[in-house]
Structure formats: structure tokens, C-alpha cells
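A look at the structure
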Amino acid sequence: MAEEEGPPVELRQRKKPKSSEKESAKEERINDIPIPERAPKYVLFQRFAKIFIGCLAAVTSGMMYALYLSAYHERKFWFSNRQELEREITFQGDSAIYYSYYKDMLKAPSFERGVYELTHNNKTVSLKTINAVQQMSLYPELIASVLYQATGSNEIIEPVYFYIGIVFGLQGIYVTALFVTSWLMSGTWLAGMLTVAWFIINRVDTTRIEYSIPLRENWALPYFACQVAALTGYLKSNLNTYGERFCYLLMSASTYTFMMMWEYSHYLLFLQAISLFLLDIFSLKQSDKVYEVYKIYVFSLFLGYLLQFENPALLVSPLLSLVAALMLAKCLQLNVKKGSFVAKIIKMINFYLVCTLTITLNIIMKMFVPHKENGHMLKFLEVKFGLNMTKNFTMNWLLCQESLQAPSQDFFLRLTQSSLLPFYILVLIICLLSMLQVIFRRINGKSLKETVTLEDGRIGERPEIIYHVIHTILLGSLAMVIEGLKYIWIPYVCMLAAFGVCSPELWMTLFKWLRLRTVHPILLALILSMAVPTIIGLSLWKEFFPRLMTELMELQEFYDPDTVELMTWIKRQAPVAAVFAGSPQLMGAIKLCTGWMVTSLPLYNDDDLLKRNENMVCEEGDKLTYSKYGRFCHEVKINYSPYVNYFTRVYWNRSYFVYKINTVISFQS
């Protein structure tokens, strides 16, 4: 019986595991079938919801900022209640010149005729025919005039509202692009919201839109912000093919548009190219992408050269020389094996080679390409940094301008009160130290990870972070010398600070250094990346939101009856052939409000116009030598000789005196 019972037992023991294996296999198959279907759907829905909410917040932020600017402008000037002349007087200085050409384009019988009259303009500056489109970068006015007439807006809205509305809309795009950049870097749209909040609160230092609407930078910087956002996405390591193509196309379009809108754009792109060059040295991951960006620079420069009436300033720009040097250096590295000792040596030689080639090529280009554009700016920089001394009145006058001096203590105090500066310094230090840590790790021959996780705590290995750290340091260094450059630097300070406090990776990097063990570092990093920006946002809302509402509710008044009287007198009684001379700021207003010819303009990119603005005061050493005669404006008012022999007063009010040159000179004692 023992022999008979044994086999069945053994059989049952064998069948059981087989049946259980089959059942468990079936259960695993059943369980495995829905999981791949549910998980991707859930993940896709989560990603879609996150992107949708972020895009909605970005677009809403831009629209709200544009509406805020429009409402503030209306409250400040009572714009809708003003007559056309009073509205035009609100355009001060060079802004008046830009808007006057927009009016001229609308008055032209056709677009082609309007462009011809601007490119062969002899009705603005006396005894001088200028290409106003090239000299003053009037492409925004050309585009605005075309849109105004092509869209049928002339039947709906007044030209001035359409013009300033485009600029306000571009500022909304500016804010949206900063939002997206911070979002791309941190992974959360909360960083974008904080970027916008800091930007608006510190708008005294982020933009000049409130003081001068049609400035070229107000047209151009929104496109540069879009270019930086596209570049940030393009440099990311985990970007798919379609996203990479989209970023590349957006970057190409925005780079070229930025270059067309602002005559100084290639200098800003030069700083960006330096940042990418240093990124290429510190990180091998995105070397090919960096050189694709260089191709965009070359394409934009040559296309801009052709469409800007063969503008020689683009050929002699340091950007073209740097990119050409980088391309030549790249050719020398093609046959060198990456990672070898020889490659490291060539990397060091490459840095010296690129710098030398850039300077050499730029000198050669300036020798063979005749150019005058922006020469005064280079001379100014030489004097500003103590590389040269000059007795030139214009250079010394520029040195006295507030926007070209070093920042004041009030500037740093404002940034500290809004909590922007402390958090920016914290984020910059952490990112910079992490970046240096990565560089030393590479120098010591340690391999870098292909994919960096949150647990690694190495934020300095991300290419887009390296680029932004270098770029903000370069811009900040220049802004510490020339305060006017803060309007380029501070928006990216807002973006970088917001990214940092909202990035779990940055907090994790800090905790790795501190060797935090009491609390799980990943959990604490996630908590702080949500809690810190929330606390900052609530504190900013409590302190600054009432101030913003007060500014919108407060009724201001722009009252300048003397200027209105002067312009009215000129339009009614001045001879058609009259030419007016005076301060450049007033000449801009006369050109806009009356259309009469003037002797000078408030522009600083033309040597001839700058010379027309100089006094009869020269500098000799540290002392000023004065003429034996008193100041003309004072002497002529009190009818002192010899000026009374040559001038006759024809109009005056509390602020202005108008004198006519005597055609027949009468000598009086």
C-alpha cells in the first residue's frame, strides 16, 4: 500500500505547482494587460493638464500685463480725453521721431512711396538727406503701418492707439517668454508666475516702457526673450525630435527679427555667443547644438546685412568675427579623438586660438570695410573703462548721463526690498558652485552621467543651466558699470531667481553638500520647491499688490500748456520754409507735432548729428575754458549785443523763446 499511495502523492505534488504556475501566469497576463493601457493614458492626461494649465497661466500673465500697461498709460496721461496735439506731446525725445515717421507712412499714397520717402528723406534735417529706415531702424514703424492699413484698423481705431497697442502687446509677449523660460528650467509653471510677479514689481528696473513707449529696445527685447526661451528648450538633454525642431525654428525666426528691430542687437547676441562658447568648453553634451546656433547667427547677420541696405556695422560686428573664429577652430578639431589627452590640450589651445582669431578677424574686417556706425559707442566704452582719455564734448556729455553711470544704492535697495536680489544671489551661488564641481570632475577624468536624476543633486551638469549662469554673470558685470543695461539684465535675474527657488533639483544639490540625514532630502526638496515660492508670492501680494492697485486708481495729469502753445503757433504762423534749431529733445517734438524741418535730432548713432548738438564749450585738462561772451540763451533774452544785431524775437511764453535770424543785419550799440 505504501508503494501504491506514494506515486499519487508525488503526482499530486507535481500537478499542484504546475497548475499554480499556470494560474499565476494567467493572473499576471490578466494584470499586465490593462496596466500598459491605463498608465500611459494617466501619464498623458497628467502631462496634458500640466502643459495646458501652464500655457494658460503664461498667456494670461502676458495679457494681464499688457492690459495693466494700457490702463496705467491712460491714467497717467488721460490719453483718451486729449486732443491729438496733446497726445503727441507725450512722446518725448527720440520717441517723437519714431512716431513721426509712423505718421508719415500712413500719410503716404502707397507703401512703396512711403518707404522711398523715408529712405531718401530730406524733410527732417536741414541740408541733409538721410536714409531714415537704416539710420533709425524704422522697421517697427513700417510693419505697424502695414498692419494698420492691411487689417482695416483705420476704420476701427485711431493710429496712435494701434501703435502703442502693438508695443504693449509685445511687452505681454516679453513677460510670457520669461514665464516659459523659467518653466522650462524648473519644470513647474509656479516658477513662471513668480518670474512675472518679480518683473512687474521691479518694473522701474526691468523696463522703460512707462517713460518712452517707442524705444527700439521695447520693440526688440520681446523677440530676444522668445529667442532665449527657444534656446533654453533647445539645449535641454531630454528634448524629443519634434520639440528640438520647433525650438530651432523659433530661435531662427526670433534671432533674425531681433537683429532687424534694434541696431545694437548684435552686441547682445555677441555676449550670448560668448556664453555658448564657454558652455561648449565646459560641456561636451551639446557641442553640435551650439554650432547649429552659430549657423543661425551667420544666417541672420548676412540676411540682415542685405535687407538693412548693406549695413556695414553687421560685417564689422564682433559677433561675426567670433562666430567665424569658432567655425575655423572647429575645423581644426575634427580629427582629434574626444576625451584623449591631446583633446584636452587642444581645448586649452582652442580657447586662446578663438580669442586671437576673433580679434584678428575683427581688425581685418574694419580695415577693408568702410564703416562709421557705432564708432562713438566704442569710443565711449574705451573712455568708460579708462582705456582712453578724450576732450570730445559728446563723449564727456555721454559720461554724465545717468543711464550710463554705475548703479546707485537705491537700485540695490529696491531689489532687496522685493526679495529678488537675495534669492538671486543664493540661486546663482548654488548653480555656479555646482557647475564648478562638474568642471573639476571632468578635469580629474571622472565620467559624467548620461542622465542626471533628482537624487543625484547635480544641477550644474544641465547645459541650459550652465548657459544661463554664464550669460547672467556677463550681463550683470556690464550692468554694474552701466546702469542702463539693467533693463536687459534684471528680467533674467527675475527668471533665474524664480527658477531656482522652484526647482527641487537646486534644493537637492544644496542638501547633498550639507549631507542632510535627519529628513529624507528628496522629500524636503520637493516640499521647499513648493513652500518657498508660495511664501514669497504671498508676501509680495500682501506688500506690493495694494501699491499696484493704487497706481491704477490714482489719476495723474500731464499738463504742458507752454509746449502746446508753441506747437500751435508754429503750425499757424511759422513760414513753410522755416527751419528750427534748439535742444534735441525739443526738435523731436517739433518734427512730430508740426512736421517742420529741424537742425538736429535726439539720436546718438550719427556723428554729424552729434556734432550739431555740441556747445561752444571745450574741455582742457580738468578745467573748463569759457568764451568771453555769456551764454547765448541768456544774452539774447536781455537784448545784449552783438546777438541783438542778428536775431529778432518773434514768439515767447513762460518756457520758450523763438528768434528769427535777420535777413538784413542791423547793427545796434
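Residues numbered from 1 in each chain as written. Predicted model: local features only at pLDDT ≥ 70, side-chain atom pairs only at ≥ 80, totals over all residues. Heavy atoms only, no water.

Across its full length, the protein chain holds 29 helices and six strands. The burial tally for the protein chain puts 46% of its 669 residues in the buried class. Within the protein chain, contacts between residues at least 6 apart in sequence are counted, and of these 71% link residues at least 24 apart. Surface accessibility of the protein chain: about 35,900 Å² in total, with carbon and sulfur atoms responsible for 63%. (Helix = DSSP H or I, 4+ residues; strand = E, 2+ residues; numbered from the N terminus. Buried < 20%, exposed > 50% of the residue type's maximum accessible area, 1.4 Å probe, protein only. Contact = heavy atoms within 4.5 Å. Areas by Shrake-Rupley, 256 points an atom, 1.4 Å probe, with all protein chains shown as cover.)

Here we come to the environment of phenylalanine 111. Along the chain, the position of phenylalanine 111 falls in helix α5 (residues 111-119). Separated by 38 residues in sequence, phenylalanine 111 and glutamine 149 place their C-alpha atoms 9.8 Å apart. For phenylalanine 111, the contacting residues outside a window of four places in its chain are Met105, Leu142, Ser145 and Val146.

Moving on to helix α21 (residues 420-443). Residue pairs three or four apart in sequence face the same way in an α-helix, which turns once every 3.6 residues. Spanning 24 residues, α21 covers 34 Å between terminal C-alpha atoms, matching the ideal 34 Å at 1.5 Å per step. Considered for burial, the residues of α21 that qualify are Leu420, Leu421, Tyr424, Val427, Leu428, Ile430, Cys431, Ser434, Met435, Val438, Ile439 and Arg441. Where α21 is buried, its residues contact α9 (189-201), α13 (265-282), α20 (409-417), α22 (463-479), α23 (486-501) and α24 (504-514). (Expected span 1.5 Å × (residues − 1).)

What follows concerns the side chain of threonine 124. Following the sequence through the fold, threonine 124 ends up in the loop between α5 and α6 (132-136). When its relative accessible area of 0% is taken as the criterion, threonine 124 is described as buried. Side-chain polar atoms of threonine 124 contact the side chain of asparagine 121, separated by 2.7 Å. Not counting chain neighbours up to four residues away, the residues in contact with threonine 124 comprise Tyr101, Lys591, Met597, Val598 and Leu601. (Polar contact = N/O pair within 3.5 Å; in protein donor to acceptor, adjacent residues only side chain to side chain.)

The pairing of strand β5 (residues 647-652) with strand β6 (residues 657-661) spans five bridges and is antiparallel. What sits directly across from threonine 648, in β6, is lysine 660. Linking β5 to β6, which pair antiparallel, is a turn of four residues. (Pairing = 2+ DSSP bridges.)

Take the pattern of salt bridges next. Within the structure shown, the criterion is met by 21 salt bridges. Here glutamate 551 and arginine 203 are joined by a salt bridge, their closest N and O atoms 2.1 Å apart. Placement of the pair is glutamate 551 in helix α25 (residues 521-553) and arginine 203 in helix α10 (residues 203-206), with a sequence separation of 348 residues. Residue classification places glutamate 551 among the partly exposed positions, given a relative accessible area of 24%. Note on arginine 203: relative accessible area 6%, which makes it buried. One salt bridge connects glutamate 461 with arginine 458, and the closest N-O pair in it is separated by 3.3 Å. When its relative accessible area of 3% is taken as the criterion, glutamate 461 is described as buried. Residues joined by salt bridges that share partners form a network here, namely Asp205, Arg414, Glu483 and Lys486. (Salt bridge = Lys/Arg side-chain N within 4 Å of Asp/Glu carboxyl O.)

Quick look at unusual backbone geometry now. Peptide bonds are trans in most cases, and residues, glycine excluded, mostly fall at negative phi. Even without a glycine there, the phi angle at tryptophan 78 is positive, about 50°. Looking at the element boundaries, tryptophan 78 is found in the loop between α2 (34-77) and α3 (84-89). Even without glycine at this site, glutamate 310 takes up a positive phi of about 55°. The topology assignment puts glutamate 310 in the loop between α14 (287-307) and α15 (312-315).

Moving on: helix α27 (residues 584-594). When you tally the buried positions in α27, you get nine out of eleven residues, the bulk of the element. Along α27, the residues that are buried comprise Leu586, Met587, Gly588, Ala589, Ile590, Lys591, Leu592, Cys593 and Thr594. On the buried face of α27, the contacting elements are α3, α4 (94-107), α26 (561-573), β1 (579-580) and β2 (597-598). Just beyond α27, the residue with positive phi is glycine 595, at close to 85°.

Before going further, it helps to examine a nonpolar patch on the surface. Together, Ile425, Ile429, Leu433, Leu436, Phe440, Ile443 and Trp513 line one region of the surface with nonpolar side chains, adding up to about 650 Å² of accessible area. Mapped onto the fold, isoleucine 443 is located in helix α21. Judged by its relative accessible area of 55%, isoleucine 443 falls in the exposed class. (Patch = residues over 30% accessible without salt bridge, like charges linked within 9 Å, V, L, I, M, F, W, Y side chains within 5 Å.)

For the rest of this paragraph, the subject is the environment of tryptophan 489. Of note, tryptophan 489 is situated in helix α23. In this structure the C-alpha to C-alpha distance between tryptophan 489 and leucine 478, which are eleven residues apart in sequence, comes to 8.9 Å. Those residues in contact with tryptophan 489, other than ones at most four positions away along the chain, are Phe411, Tyr424, Thr472, Leu475, Gly476, Ala479 and Met480.

Of the residues in the protein chain, 84% reach a pLDDT of 70 or more, and the chain-wide mean stands at 83. Below pLDDT 50 for its whole length, residues 1-23 participates in zero contacts with residues either more than four positions away or in separate chains. Every residue in residues 617-625 is under pLDDT 50, and counting partners more than four places away or in other chains gives eleven contacts. (pLDDT = per-residue confidence, 0-100.)

What follows concerns the packing of aromatic side chains. Here the distance between the centres and the angle between the planes together describe a pair of aromatic rings. The final tally for this structure, using the stated rule, is 26 aromatic pairs. With a centroid separation of 6.5 Å and 40° between ring planes, the pair formed by tyrosine 264 and tyrosine 267 is classed as tilted. Judged by centre distance (5.0 Å) and plane angle (80°), the ring pair of tyrosine 291 and tyrosine 294 falls under edge-to-face. Pair noted here: tyrosine 291 and tyrosine 294 are both in helix α14, with a separation of three residues, about one helical turn. (Phe/Tyr/Trp six-rings, centres within 6.5 Å; stacked < 30°, edge-to-face > 60°.)

Where α26 meets α27, the closest approach of the two axes is 10 Å, and the angle between their N-to-C directions is 55°. Considered as vectors, α26 and α27 are oriented oblique to each other. Pair α26 / α27 crosses with right-handed handedness. Together, Leu566, Met567, Ile570 and Lys571 of α26 and Leu586, Ala589, Ile590, Cys593 and Thr594 of α27 make up the contact between the two elements. Split into classes, the residues belonging to the contact of α26 with α27 amount to seven nonpolar, one polar and one charged. (Axes fitted to C-alpha atoms, helices over the stretch in contact; angles between N-to-C directions. Parallel < 35°, antiparallel > 145°, perpendicular 65-115°, else oblique. Left-handed = near helix turned anticlockwise from the far one by under 90°. Nonpolar A, V, L, I, M, F, W, Y, C, P; charged D, E, K, R; others polar.)

By relative accessible area, which is 33% here, tryptophan 78 ends up partly exposed. When residues no more than four places from it in sequence are discounted, the contact partners of tryptophan 78 are His73, Leu555 and Gln556.

Across the interface, α22 lies against α23 with an axial gap of 9 Å and an inter-helix angle of 145°. α23 is crossed by α22, and the crossing has left-handed handedness. Across the interface between the two elements, Ile465, His468, Thr472, Leu475, Gly476 and Ala479 from α22 touch Lys486, Ile488, Trp489, Met495, Leu496 and Phe499 from α23. When its residues are assigned to classes, the contact of α22 with α23 shows eight nonpolar, three polar and one charged.

All right, on to the side chain of arginine 203 then. Polar side-chain contacts of arginine 203 include one of 3.0 Å to the side chain of tyrosine 68. Those residues in contact with arginine 203 that sit more than four places away from it in its chain are Tyr68, Glu210, Leu548 and Glu551.

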